[in-house]
Amino acid sequence: MTKHEKLPNGFGCIKKLGGNRRKPYAVYPTAQLGDSAPELCPMRAIGYYEDWYSAYNALKDFNSSLQFGSTSAATFTDIFNAFFKAKFVESKRRPSDHSRMDYTTAFKNVPALHDMKFCAIRKYHMQKALDDCPLGYSSLSNIKKLYSQMYKYALENDIVEKNYSQYVCISQENDIESGEPFTQEDIDLLWQHKSDSTAQITLMMIYSGFRISAYESIEINMTEQYFKGGVKTHAGRNRIVPFHRSIIPFIEAFRPKDFRGNSFRRSHFYPFLDSLGILYTDSGKKHTPHDCRHTFSWLCDKYYVDDLSKHLLMGHSLGNDVERSVYGHRTIEELRHEINKIDSEVFNPRM
């Protein structure tokens, strides 16, 4: 006997009837409470089908028609309302009121999508709605999160077959990632412990400018000696950053597939800095891995890396600077020359 997948709660059921029937699979919707009685009322079969899969498709279409009229006609607003109900009303795990407000506000911030049929929406439509929103990075991040969660809901309920939200990106720089660079004395201390793997990864972050999460999937080209990767923004994704010559031995030993940013932060980064006595800044703030990126930015300024190269190396958006956006190019070798300006006068003694 073939074992079929278990149907979700509230989805209905499929029963195989006995006897020599041409269509033995009966489809029943979820039983409902009666108008005047507290007991469940028996439901009549929707129909009878030759095989289980035909019955499943009929039950799926029936549920969709109850909720949306039809999945093909369901609008972005319809799917949002259904997603919101499932997440905040029907779920046993109730998210916070703050989370509820974030999703509601994100929905209101993309009015161009509200009346569009969800099945007709593509990456272009969501990207334009995101780009047209005049708010800051935090609000845009909530919109992107809403897209992702709505598509997750739609995929789980067979409303769509492809997740176009995964291709949407935020084009402006994260304006909430504050931080404080490591001092030159801190960097010198890290170099003194360069045989330690945690010091090596920390120096890699300081001398490349990538966010910690980028190292989980970063592409390492040892032949041409550059990184390719990046997260968060359109300008930052898949950018090319040549190796700074001082960290090449560390890169050779690094394995992105074995690296997990959260685990490294918690189990290695913080304890190691604490053991060196540099976990906190002079102002009393706790260093985070993102401070490595701030340190890279500071080093670029300190050693006069040209401004355009710095923006390209860090994956910054060039914003409304049309001339630089269109004509601002650097070859890998030009970027390599600029990045190796950093620490040039003290490079040899350290290695």
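Preceding this paragraph is the structure being described.
Throughout, a residue's number is its position along its own chain's written sequence, starting from 1. Given that the model is predicted, a residue must reach a pLDDT of at least 70 before its local features are reported, and side-chain atom pairs must reach 80 or more before they are shown or counted; all residues, however, enter totals for whole chains, interfaces and linings. Excluding hydrogens and water, the side-chain figures rest on all heavy atoms present in the structure.

Undergrad: Help me understand unusual backbone geometry, please; the structure alone is not making it clear to me.
TA: Glycine aside, the phi torsion of most residues is negative, and most peptide linkages are trans. You will see that Gln225, though not glycine, has its phi angle at about 60°, which is positive. Along the chain, Gln225 falls in the loop between strand S6 (219-221) and strand S7 (226-229). Of note in this structure, Tyr304 is not a glycine but carries a positive phi near 60°. Numbered from the N terminus, helices here are DSSP runs of H or I no shorter than four residues, and strands are runs of E no shorter than two. Along the polypeptide, Tyr304 turns up in the loop between helix H10 (290-302) and helix H11 (307-314). On the accessibility criterion, Tyr304 (68% relative accessible area) is exposed. Exposed residues in this analysis have more than 50% of their type's maximum accessible area, buried residues have under 20%, and partly exposed residues fall in between, with area computed by a 1.4 Å probe over protein chains only.

Undergrad: Where do I start with the packing of aromatic side chains in this structure?
TA: Any pair of aromatic rings gets described here by the distance separating the centres and the angle formed by the planes. Pairs were defined over the aromatic rings of Phe, Tyr and Trp, the Trp ring being its six-membered one, requiring ring centres within 6.5 Å. Orientation was assigned from the angle between planes: stacked under 30 degrees, edge-to-face over 60, tilted for the rest. Inspection of every chain in the model, using the stated rule, returns 23 aromatic pairs. Aromatic pair Phe269 and Tyr270: ring centres 5.6 Å apart, planes at 70°, arrangement edge-to-face. For Phe269, a relative accessible area of 0% puts it in the buried group. A relative accessible area of 18% places Tyr270 in the buried class. By the ring-pair criterion, three or more aromatic residues cluster together here, those being Phe76, Phe80, Phe83, Phe84, Phe88, Tyr103, Phe107, Phe118 and Tyr151. Note that Lys15 overlies the ring of Tyr28, its terminal NZ or CZ placed 5.1 Å from the centroid. By definition here, charges over rings are those cases where NZ of Lys or CZ of Arg is within 6 Å of the ring centre and within 35 degrees of the ring normal. If you follow Lys286 out to its NZ or CZ, it ends over the ring of Tyr270, 4.1 Å from the centre.

Undergrad: What am I meant to see in the nonpolar core here?
TA: A general trend in soluble globular proteins is that nonpolar side chains are found buried together. The definition of a nonpolar core used throughout is a set of buried Ala, Val, Leu, Ile, Met, Phe, Trp, Tyr and Cys residues joined through side-chain atoms within 4.5 Å. Counting 44 residues, the largest nonpolar core has Leu190, Met204, Tyr207, Tyr215, Phe227, Phe269 and Ile342 as its most contacted members. Counting only elements with at least two residues in this core, the list comes to helix H6 (184-192), helix H7 (197-206), helix H8 (248-253), helix H9 (261-276), H10, H11 and helix H13 (332-339). Contact between two residues is taken to exist if any of their heavy atoms lie within 4.5 Å; hydrogens are not considered. What Leu190 contacts, discounting residues up to four positions off in sequence, is Ala199, Thr202, Leu203, Ile206, Phe272, Leu273, Leu276 and Ile278. Counting 32 residues, the second-largest nonpolar core is a separate cluster that includes Cys133, Leu146, Tyr147 and Val160.

Undergrad: What exactly am I supposed to notice about helix H3 (residues 97-108) here?
TA: Residues that lie three or four places apart on an α-helix share one face, since the helix turns once every 3.6 residues. Working rule for helices: expected span equals 1.5 Å times residues minus one. Helix length check: H3 (twelve residues) gives 17 Å between terminal C-alpha atoms against 16 Å at 1.5 Å per residue, within 8%. Within the sequence span of H3, burial applies to Ser99, Tyr103, Ala106 and Phe107. Down the axis, H3 shows its buried residues gathered within 105° of arc, on one side only. Facing away from the buried side of H3 by more than 90 degrees, the exposed set consists of Asp97, His98, Met101 and Lys108. Buried-residue contacts for H3 involve helix H2 (76-90) and helix H5 (137-156). Directions are taken from the helix axis to each C-beta atom, and the arc is the one they span.

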